[in-house]
Amino acid sequence: MKRAAAWAILLLGMAYFILPLIGMVEFSLSMKRGIYSLEAYRVVLADPRFRETFTFSVVMALLTIVVGMAIVVPTAFWVRLKMPGLRPYVEFVTLLPLVIPAIVIVFGYIRLYNTSSALPLTGTIFGTNLLLVFGYVTLSLPYMYRAVDTGLRTIDVATLTEAAQSLGAGWVTILARVILPNVLVSVLSGAFVTFAIVMGEFTMAALLNRPAFGPYLQLMGANRAYEPFALATIAFVITWACMGLIQLVTRFSKHDKAAR
Amino acid sequence: MTFLTLSHLEKSFGPTRVVKDFNLTVEQGEFISLLGPSGCGKTTVLRMVAGFETPSSGVIAIDGADMVRLRPNARNIGMVFQAYALFPNLTVAQNVGFGLKVKGTPAKEIAGRVEEMLDLIGLPDLGGRYPFQLSGGQQQRVALARALAPRPRVLLLDEPLSALDAKIRVSLRNEIRAIQRRLGITTIFVTHDQEEALSMSDRIVVMHQGVADQVGTPFEIYNTPATRFVAGFVGTLNTIEAEVKDGATGRVALAGTEVVLHRPLSGDRVTLGLRPEAVRLGQGACELGLSGKITEVDFLGSVIRLRADLGGQSLAFDTFNAAHSVPPRVGETVVLGLNAADLMVIGA
């Protein structure tokens, strides 16, 4: 009886999540009357704005990952190694983007870095793109920091660092050759989550007026019937591909098979 | 000639003085053990030598050069950790070659040295394995090879055998000592295990509450402990209270018998130490024969440890097992033989 109830709840939950997805995919394939076709996808993929915005967001996502990891990995490493007492405070700061809406952050940016400010980043395309990357880094901070910190928790950071130091390694070597390879799976997990977030982000890109995939999704949604559903399916596939890659990386990490 | 000098070394963590006025000189190629209970400051001394802790005051010099301001990665000191600390992402060969790679040694030279080190530790075929594919003993051997590969000036061993099971511990400690002798590398070994310290060391530093209580050879430490702590910590020791009858000649009354210790004593009472193996069952050829009642019999295989009551004072002693001779029973009255020369006067 209990088993049947558990199955019923599971199936109900699955239906709650899967039925809308089926509906979305089904509708995206219904552009031609009476038959299923990939017409909506063909139209979307043929749109030069799709390629432009998609490429822009991919580049922004990759830059966000690089900048974010360059900030987060050394910070998390240093906090764990030298300032463990500060960990709760650092964690609190990294969680702030979850409670401060993106719109607040971006308005803050615009106010601080507008053309009449001391650092007029919004005055140039490069400057605005830079601001967007920093905005994305801020948004992805909770996920990136947690992923890296979890990775660091699985290794004996202090002893490995001291072992490397006793063998003559400096801080850069320790980070690059000892710490980073041992938390690579966690770093990649954080990177894929960041990628998925940036690909669908709307608020910052729209308010900074950059041609990103998020605003394009919104634009299509406001003006077309079937294409937005094709785009949503594509975005959904990208997100799940990222999740799949996290699993794949975890599985194929050779040295990570040790029982910890 | 003195190779490593630790002079007036002090370390405080906040208000707590962990190491107090620690002095030690080590000859080149010497094997020194820092022995003491948890929290006595032995690991802190080791970490100061390695450069992981900065002394509050004092001098650390290797071959006359001051080390205190040198970063750990510039000291050329090898270290083996209790938790192995092998890099999980690198193979055994890559781990062993890590120090050489950091130094920028050519790949061919690294390969040769790695091979040499793996031969030295008796694991020539395991270069391609990852640490998780090795046993604890093998991992610690690899850690030793990794520490030795860059030819360090001093080797530091921080309780390297503690995480291993008893059998492997004994075999590995013999291996470590043999390798150290072969390479002639100056070594400091931290342990809380007296047997390890006694069996491996040229000299032992017994530490207690941040202070080096005694520095000496294993023989000196065991047979002539300088303090009550050393006497109690190293080996098993009976402590017996005796009444001083004549302080000038060292005549004392012990369990109803008078003994001359041939050394001046002060005060009315004195604490004497006696190792269990210095007591014989039956007077035999011993100077003194004391009568006591057996209170405990522990059969340990080759040795039987007994405990007897001597007029209110408890005395543990050992006798070898012999298949044809039945050990005394609890409650039995026996004569215990001992020599005055084996009685140690225990200081503060």
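Rules used in this analysis
- Residues numbered from 1 in each chain as written.
- Chains lettered and ligands numbered in written order.
- Predicted model: local features only at pLDDT ≥ 70, side-chain atom pairs only at ≥ 80, totals over all residues.
- Helix = DSSP H or I, 4+ residues; strand = E, 2+ residues; numbered from the N terminus.
- Buried ≥ 20, exposed ≤ 12 C-beta atoms within 10 Å, placed from the backbone.
- Contact = placed C-beta atoms within 7 Å.
- Domains from an automatic or database assignment.
- Nonpolar A, V, L, I, M, F, W, Y, C, P; charged D, E, K, R; others polar.
- UniProt positions renumbered as here; feature names shortened; annotations may be inferred.
- Pairing = 2+ DSSP bridges.
- Axes fitted to C-alpha atoms, helices over the stretch in contact; angles between N-to-C directions.
- Core = buried A, V, L, I, M, F, W, Y, C linked by C-beta atoms within 7 Å.
- Left-handed = near helix turned anticlockwise from the far one by under 90°.

1. Side note on the overall build of chain B
Part 1: For chain B, the count of helices and strands is eight helices and 20 strands.
Part 2: For chain B, the spread of C-alpha atoms along the principal axes amounts to about 75 × 50 × 35 Å.
Part 3: The buried share of chain B, taken over its 348 residues, is 40%.
Part 4: A fraction of 64% describes how many contacts in chain B between residues 6 or more apart in sequence connect residues 24 or more apart.

2. Topic: the domain arrangement of chain B
Part 1: Domain boundaries in chain B define domain 1 (2–231) and domain 2 (236–345).
Part 2: On a C-alpha basis, the centres of domain 1 of chain B and domain 2 of chain B stand 39 Å from each other.

3. Side note on the interface of chain A and chain B
Part 1: Listed by partner, the interface residues are 20 residues for chain A and 21 residues for chain B.
Part 2: Every element with two or more residues in the side of chain A that touches chain B is listed here: α7 (157–166) and α8 (171–182) of chain A.
Part 3: It is α7(A) that provides the largest number of residues to the side of chain A that touches chain B, a total of six residues.
Part 4: A class-by-class count of the residues in the side of chain A that touches chain B yields eight nonpolar, eight polar and four charged.

4. Some details on the UniProt feature "domain: ABC transmembrane type-1" (unreviewed entry) in chain A
Part 1: The UniProt feature table records "domain: ABC transmembrane type-1" (unreviewed entry) at residues 50–250 of chain A.
Part 2: Overall, residues 50–250 of chain A shows 82% helix and 0% strand. The separation of its end C-alpha atoms is 32 Å.

5. Remarks on the sheet that holds strand β9 (residues 203–208) of chain B
Sheet strands line up and pair through hydrogen bonds in the backbone, either parallel or antiparallel.
All names here are of chain B.
Part 1: Here we have six strands laid out as an open sheet, ordered β6-β7-β8-β3-β9-β10, and mixed in their pairing. Two strands bound the open sheet, and with one partner strand each, they are β6 (77–80) and β10 (211–216). On average, each strand axis in the sheet is inclined to that of its neighbour by 20°, with strand direction left out of account.
Part 2: Where β9 and β10 come together, five bridges link them in antiparallel fashion. What sits directly across from V205, in β10, is V215.

6. A word on the UniProt feature "transmembrane region" (unreviewed entry) in chain A
All names here are of chain A.
Part 1: Under the UniProt annotation, the feature "transmembrane region" (unreviewed entry) is placed at residues 54–77, 89–112, 118–139, 183–208 and 228–250.
Part 2: As annotated, residues 54–77 has a helix share of 100% and a strand share of 0%, and its two end C-alpha atoms lie 33 Å apart.
Part 3: Spanning residues 89–112, this segment combines 92% helix with 0% strand, and its end C-alpha atoms are found 25 Å apart.

7. Topic: the nonpolar core
Part 1: Ranked by size, the top nonpolar core spans 138 residues in total, and within it V148(A) and L156(B) carry the most contacts.
Part 2: Those residues within four positions of V148(A) in sequence are excluded, and the remaining contacts are V72(A), V73(A), A76(A), V183(A), S186(A), V187(A) and G190(A).

8. Notes on the sheet that holds strand β1 (residues 2–13) of chain B
All names here are of chain B.
Part 1: Across the sheet, four strands lie side by side as β2-β1-β4-β5; this open sheet has antiparallel pairing. Of all strands in the sheet, those with a lone pairing partner are β2 (16–27) and β5 (65–66), marking the two edges.
Part 2: In the sheet, β1 pairs with β2 via eight bridges, with the strands oriented antiparallel. Residue pairing for β2: T2 is matched across the bridge by E27.

9. Some points on the packing of helix α5 (residues 102–112) of chain A against helix α6 (residues 125–153) of chain A
All names here are of chain A.
Part 1: Two elements in contact, α5 and α6, have axes separated by 11 Å at closest approach and are oriented at 145°. By crossing handedness, the relation of α5 to α6 is classed as right-handed. Residues A102, I105, V106 and Y109 of α5 lie in contact with α6, whose contacting residues are L131, G135, T138 and L139.
Part 2: For the contact of α5 with α6, the residue count by class is six nonpolar, two polar and no charged.

10. Some details on unusual backbone geometry
Residue and element names in this part refer to chain B.
Part 1: For D63, which is not glycine, the phi dihedral falls at a positive 50°.
Part 2: With respect to the helices and strands, D63 occurs in the loop between β4 (57–62) and β5.
Part 3: Phi is positive for R151, which is not a glycine, with a value near 55°.
Part 4: Counting through the fold element by element, R151 comes out in the loop between α4 (136–148) and β7 (154–158).

11. Some words on the environment of I185(B)
Residue and element names in this part refer to chain B.
Part 1: Topologically, I185 is positioned in the loop between α5 (166–183) and β8 (186–191).
Part 2: In this structure the C-alpha to C-alpha distance between I185 and E30, which are 155 residues apart in sequence, comes to 7.3 Å.
Part 3: The residues contacting I185, other than those within four sequence positions of it, are G29, L155 and Q180.

12. As for the pairing of strand β16 (residues 288–299) of chain B
Residue and element names in this part refer to chain B.
Part 1: With six bridges connecting them, β16 and strand β19 (residues 333–338) associate as antiparallel partners. Residue pairing in the sheet places L288 in a bridge with L338 of β19.
Part 2: Adjacent in sequence and paired antiparallel, β16 and strand β17 (residues 303–310) are bridged by three residues, among which G301 carries a positive phi angle near 100°.

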